[in-house]
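The primary structure of each chain is shown beneath.
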Amino acid sequence: MKAWWGSGEPWVWLAASTVALCLLMVFSLLAFIAVQGLGFFWPAPIMQAMHHTPGTAPTRLVGEIYHQDEVPVSRLTKAWQAPFAAHQEVTRYLIKVGNREHYGLDFRWVLKAHLQDIQYPPTLSVVERLEWGNAYGDIEALQENGVTIAEGEAVWEMLESRLQRTRDLRQQIKQIEKQPLGRIHFQLEKLRLQARKLSLQHRLTPEKIAEFETQRREQEALSQQLHDQLAVLHQAMQRDSLLLREMQGQHIVIPLAKVVQIIQPNRLNGMEKLHYYGLRLWHFVSSDPREANTEGGVFPAIFGTVMMVLIMSIIVTPLGVMAAVYLQEYAKPGFWTQLIRISVNNLAGVPSIVYGVFGLGFFVYLLGGNIDAWFFPEAAPAPVFGTPGILWASLTLALLTLPVVIVATEEGLARIPRSLREGSFALGATQYEVLRYTVLPMATPAMMTGLILAIARAAGEVAPLMLVGVVKLAPSLVLDNNAPFLHLDRKFMHLGFHIYDVGFQSPNVEATRPLVYATAFLLVLVILVLNLTAFWIRARLRERYKSLETM
Amino acid sequence: MNMNIKLPPTTARSFIDLNLFGRSNHQYRLEDENIFLETKDLNLFYGQQQVLQSINLSLPKHRVTAFIGPSGCGKSSLLRCFNRLNDLIEDSRTEGQILLDGEDIYQPRTNVAYLRRKVGMVFQKPNPFPKSVYENVAYGLRIQGIKQRKRLDETVETSLRAASLWDEVKDRLKENALGLSGGQQQRLIIARAIAIEPEILLLDEPASALDPISTLKIEELINELKAKFTIAIVTHNMQQAARVSDYTAFMYMGQVIEFGSTNVLFTTPKYRQTEDYITGRYG
Ligand SMILES: Nc1ncnc2c1ncn2[C@@H]1O[C@H](COP(=O)(O)OP(=O)(O)OP(=O)(O)O)[C@@H](O)[C@H]1O
Ligand SMILES: [Mg+2]
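Residues numbered from 1 in each chain as written. Chains lettered and ligands numbered in written order. Predicted model: local features only at pLDDT ≥ 70, side-chain atom pairs only at ≥ 80, totals over all residues. Heavy atoms only, no water.

Trainee: Help me understand the overall build of chain B in this model?
Mentor: Tallying secondary structure elements over chain B gives 10 helices and 10 strands in all. Here the C-alpha atoms of chain B give a radius of gyration of 19 Å, agreeing with the 19 Å that 2.2 N^0.38 yields for 283 residues. Dimensions along the principal axes, computed over C-alpha positions, put chain B at roughly 60 × 45 × 35 Å. Each of the 283 residues in chain B was classed as buried or not, and the buried ones make up 56%. When contacts within chain B are restricted to residue pairs at least 6 apart in sequence, long-range pairs at least 24 apart make up 70% of them. About 12400 Å² of surface is accessible on chain B, with carbon and sulfur atoms providing 47% of the total. Seen as two clouds, the 35 positive and the 33 negative side-chain charges of chain B have centres 3 Å apart. (Helix = DSSP H or I, 4+ residues; strand = E, 2+ residues; numbered from the N terminus. Rg over C-alpha atoms; globule rule 2.2 N^0.38 Å. Buried < 20%, exposed > 50% of the residue type's maximum accessible area, 1.4 Å probe, protein only. Contact = heavy atoms within 4.5 Å. Areas by Shrake-Rupley, 256 points an atom, 1.4 Å probe, with all protein chains shown as cover. Lys, Arg positive; Asp, Glu negative; His and termini not counted. Charge placed at Lys NZ, Arg CZ, Asp CG, Glu CD.)

Trainee: Before we go on, may I ask you to explain the overall build of chain A in this structure?
Mentor: Along its length, chain A carries 16 helices and 13 strands. Here the C-alpha radius of gyration of chain A, 31 Å, is well above what a compact globule of 551 residues would show, namely 24 Å. For the C-alpha atoms alone, the extent of chain A along its principal axes is close to 100 × 95 × 45 Å. Out of the 551 residues belonging to chain A, those deemed buried represent 45%. A separation threshold of at least 6 residues defines the contact pool for chain A, and within that pool the share at least 24 residues apart is 69%. About 28700 Å² of surface is accessible on chain A, with carbon and sulfur atoms providing 64% of the total. Across chain A, the centroid of the 48 positively charged side chains sits 6 Å from that of the 46 negatively charged ones.

Trainee: Please clarify how the site of ligand 1 should be interpreted in this entry.
Mentor: Residues and elements named next belong to chain B. Surveying the vicinity of ligand 1 reveals 14 residues, the closest of which are S71, K75, S76, S77 and H236. Q124 has a polar side-chain atom sitting 2.9 Å from an oxygen atom of ligand 1. When ligand 1 sits alone it has 630 Å² of accessible area, and the protein chains cover 64% of it. Contributing elements (two or more residues each) for the shell around ligand 1: β2 (49–60) and α1 (75–82). Per-element tally for the shell around ligand 1: the top contributor is α1, with three residues. Looking at side-chain class alone, the shell around ligand 1 contains four nonpolar, eight polar and two charged residues. (Near = heavy atom within 4 Å. Polar contact = N/O pair within 3.5 Å; in protein donor to acceptor, adjacent residues only side chain to side chain. Nonpolar A, V, L, I, M, F, W, Y, C, P; charged D, E, K, R; others polar.)

Trainee: Even after reading the chapter, I still don't get the interface of chain A and chain B, so can you show me in this structure?
Mentor: A common way to state how big an interface is: give the accessible area lost once the parts meet. The partner chain B presents 24 residues to the 22 residues of chain A that form the contact. Summing both sides of the interface, chain A and chain B together bury roughly 2000 Å²; the carbon and sulfur share of this comes to 64%. Ranking the residues of chain A by area buried against chain B places E422(A), A426(A) and L427(A) at the top, with a combined share of 32%. At the boundary of chain A and chain B, one finds one salt bridge. The salt bridge partner of R80(B) is E422(A), with a shortest N-O separation of 2.9 Å. One can count six residue pairs in polar contact (both at pLDDT 80 or more) joining chain A with chain B. Elements supplying a minimum of two residues to the side of chain A that touches chain B: α12 (418–426), α13 (431–459) and α16 (509–545) of chain A. The element that contributes the greatest number of residues to the side of chain A that touches chain B is α12(A), accounting for eight residues. (Buried area = accessible area lost by both parts, 1.4 Å probe. Salt bridge = Lys/Arg side-chain N within 4 Å of Asp/Glu carboxyl O.)

Trainee: Which parts of the structure should I look at to understand the domain arrangement of chain A?
Mentor: All names here are of chain A. When its domains are assigned, chain A resolves into domain 1 (47–119), domain 2 (134–284) and domain 3 (299–549). Residue-level contacts link nine residues of domain 2 with 15 residues of domain 3. Both sides together, the interface formed by domain 2 and domain 3 hides about 1000 Å², and carbon and sulfur atoms give 54% of it. It is R183, F186 and F284 that lose the most area in domain 2 upon contact with domain 3, and together they represent 52% of the buried surface on that side. In this assembly, domain 2 and domain 3 are joined by zero salt bridges. Our count for the contact surface shared by domain 2 and domain 3 stands at zero residue pairs in polar contact (both at pLDDT 80 or more). The element best represented in the side of domain 2 that touches domain 3 is helix α5 (residues 154–200), accounting for eight residues. (Domains from an automatic or database assignment.)

Trainee: Would you mind going over the side chain of S261(B) with me for this structure?
Mentor: Topologically, S261(B) is positioned in strand β10 (residues 255–261). In this structure S261(B) touches Q27(B), Y28(B), D246(B) and Y247(B), once residues within four positions along its chain are discounted.

Trainee: Where do I start with a nonpolar patch on the surface in this structure?
Mentor: All names here are of chain A. On the surface, M1, W4, W5, W11, W13 and L14 cluster together to form a nonpolar patch covering roughly 830 Å² of accessible area. Those elements that provide at least two residues to the nonpolar patch are α1 (2–6) and α2 (9–38). In terms of residue count, the dominant contributor to the nonpolar patch is α2 (three residues). Considering the arrangement of structural elements, one finds M1 in the segment before α1. (Patch = residues over 30% accessible without salt bridge, like charges linked within 9 Å, V, L, I, M, F, W, Y side chains within 5 Å.)

Trainee: Any chance you could explain the coordination of the magnesium ion (ligand 2) here in plain terms?
Mentor: In an ideal octahedron of six donors the angles at the metal are 90 or 180 degrees, and in an ideal tetrahedron of four donors they are 109.5 degrees. Residues and elements named next belong to chain B. Within the protein, the atoms that donate to the magnesium ion (ligand 2) are S76 (OG) and Q124 (OE1), at distances of 1.9 to 2.5 Å. Here the residue S76 occupies a position in helix α1, and Q124 occupies one in the loop between β6 (119–122) and α3 (133–143), the gap between them amounting to 48 residues. Of the residues examined, S76 reaches a relative accessible area of 22% and is grouped as partly exposed. Q124 gets classed as partly exposed once you look at its relative accessible area, which sits at 36%. (Donors = N, O, S within 2.8 Å, 3.2 Å for Na, K, Ca; no water.)

Trainee: Help me understand the nonpolar core in this model?
Mentor: Soluble globular proteins tend to bury their nonpolar side chains together. With 122 residues, the main nonpolar core has L52(B), F67(B), L78(B) and F82(B) as its most contacted residues. Among the elements that take part in this core, helix α8 (residues 299–330) of chain A stands out by supplying 14 residues, more than any other. When residues of this core are assigned to domains, at least three fall in each of domain 2 (134–284) and domain 3 (299–549) of chain A. If we ignore the near neighbours within four places in the chain, the residues touching F67(B) are L57(B), L59(B), K75(B), L78(B), L79(B), F82(B), A232(B), I233(B), V234(B), T235(B), A249(B) and M251(B). A163(B), L221(B), V244(B) and Y277(B) belong to the second-largest nonpolar core, a separate cluster that totals 49 residues. (Core = buried A, V, L, I, M, F, W, Y, C linked by side-chain atoms within 4.5 Å.)

Trainee: What's the story with the sheet that holds strand β4 (residues 92–100) of chain B in this structure? I'm lost.
Mentor: Hydrogen bonds between backbone atoms are what pair the strands of a sheet, whose relative direction is either parallel or antiparallel. Residue and element names in this part refer to chain B. Taken in spatial order, the four strands line up as β2-β1-β4-β5 in an open sheet, and their pairing is antiparallel. Where the open sheet ends on each side, the last strands, each with one partner, are β2 and β5 (103–104). Direction of pairing for strand β1 (residues 35–46) relative to β2: antiparallel, over a ladder of eight bridges. If you follow F45 over to β2, its bridge partner there is Q50. The sheet strands contacting α1 are β1, β2 and β4, and the helix crosses β1 at an angle near 120°. (Pairing = 2+ DSSP bridges. Axes fitted to C-alpha atoms, helices over the stretch in contact; angles between N-to-C directions.)

Written as structure tokens, this is what we have:
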């Protein structure tokens, strides 16, 4: 026994189990988020039941059982407690009944004991809508221009093709709005700014005014044309509508133009459910959010997160590498260099919100404000760079992650053997050439390590971003096809902030909880992908220098 | 530490039969030579420690000068003075003069990078860059801004041939040089050094890590190279010094004890110290 302790074996076991524990915690975290978030997209069955509370007439309830929990009997209203006298707790359901325009809230808490005659009839449908959330009920008829053309089961035969038609129309409308119309607005704004710039410089001659005017007319004529086209398309979209009988027997007319998807989940088999699951998942990652972010997708947030990280990487890498090269290769070692090094290391520990405040004060107001005053006087009073935007957010995060890049690069530089530098010097290289042709290429894996650490830190950062560029809903992406394509002055959406916004700022917390998990899972995934890319690049670089260690 | 070592002269005796190495008994005489590199009262300090003490030497053009002496006596340090590589060592200090072709290389206005193109160096430990064989040899030309493929190809081939490495690597020019054997690496470093056509070649124990065959190859190489370059070679192997060199300098504790024609130094050393060292009586 004593020998066993002496052998150091217990410590190995202890270390190994610590590792196991860490892994377990990480994986259960991921699994928890994944299950909570990804389960949401599975087409849930729709329940129908009679809801009978003491002292009222029974009402019909249709919806998805969202959640179930136990509540102590003592918390119930006095009148309800009597039947449960023998119990400590009763089961309670959270039911999503949808039809928000009628009931105000999508959700209802009901006691299981108050539900009678629970059924899952195959005819019940769920209609996913662009507005007002889901609608549940029985589809009674399909109407064209208000005239019924199919009833009952016959609806389903005609529905898919007509839904497809509205989808196509919607796609066309979106295309026109995004591309030609968006470009015209962009051009008009540009013309306005040009005119204003010239007028500020007192160079706005009558000829120029006339020229601008004709250009403006052209654009407006184009715009008018497009608007006419759009009006026709919108008109066509309005043609079909559905008649739905909701749980209490009222009829609702739902224009197909507002419908994303209609399914009868109780009727689907496993494969079909899987199909809809995939579809909804794809929808989530590829489309824009709707209804104050509580529905729809998160594509702009994914895009914003990735763009922000990329721009940050582009800024932080050269800055960090140059700083490290100076500290390691050029600065004379001594008190001051050491002091700077220590300060840089300590910067890594400054809370990120402090960077946010600095970014807002220095980048946005001071730098951005002055850029606006110097280069964009024509846009005043609207700020261009003097307001939070992706450039400032990326810069702030670049500042935040600079220390890691510097430290990692410095370590990499220090590891390069002296003999290689001397070999290069002996061939007549100047210090710059030694750096350029020998030292820096060999230090690239270390720089990538720095960058990986920087990405890992930056991608998850939210607090400073709220001050310097993230918004709840960005009207347009940072990257589009209007010159200059990359609009660094624009605000952007971010997955991390999206989680906060959806989870804690939305009016409908119950509805969005799964979205919070799904978004969190996506954020982890995005960070993972970014990191893996960097890892892969580093591995490829390492390959080239791998035998270096043997020297 | 810095005391002057003066020892009684020895009687003339032959220590190594130079004829064994197939060399002529030709007596080189410094007075007849064209001096290429000359040091005058050279002192070198690393911090407080004086590593070289008033070195006065003359390296004749197109001759091989061997530097022998016990470990730590300053041979490498002296060679590193010749291309000012000691500049890279913090708090190193050099005093005195080194004349290369009559020019003092320690003048402030010396272009050090340009100087090092004229003074090629092969290090004690092979230090190939983690690049391809080709790029290693082409390195010196590349930093001179030479980009023409044809010129690079030619130089790489002639240098590798001159270093008698061509046949071994001609099919793996694109492979990483770190994959070569130690002896091949050493010859690669020689090829790399001669690719930039220096005027003097400094070889710091070029054969220390090599097997007898590779060693022989390198010695043959030195014999061929001296037609083009002036050569300084450091070696711990007395036979090697006797085989390849025309002149020999014996160093001890930072000083040059004895310097002269190899034939003379090995057969009739003036000092006891030298005699002990070349006969192996001294560690
Ligand atoms: N970078 C350095 N900094 C400080 N001292 C050094 C440095 N390089 C060498 N020295 C010292 O200088 C002295 C001479 O070293 P040098 O390398 O020139 O010896 P050497 O004759 O080449 O020995 P060897 O035959 O073992 O290679 C030694 O005492 C060594 O400790
Ligand atoms: Mg040495």
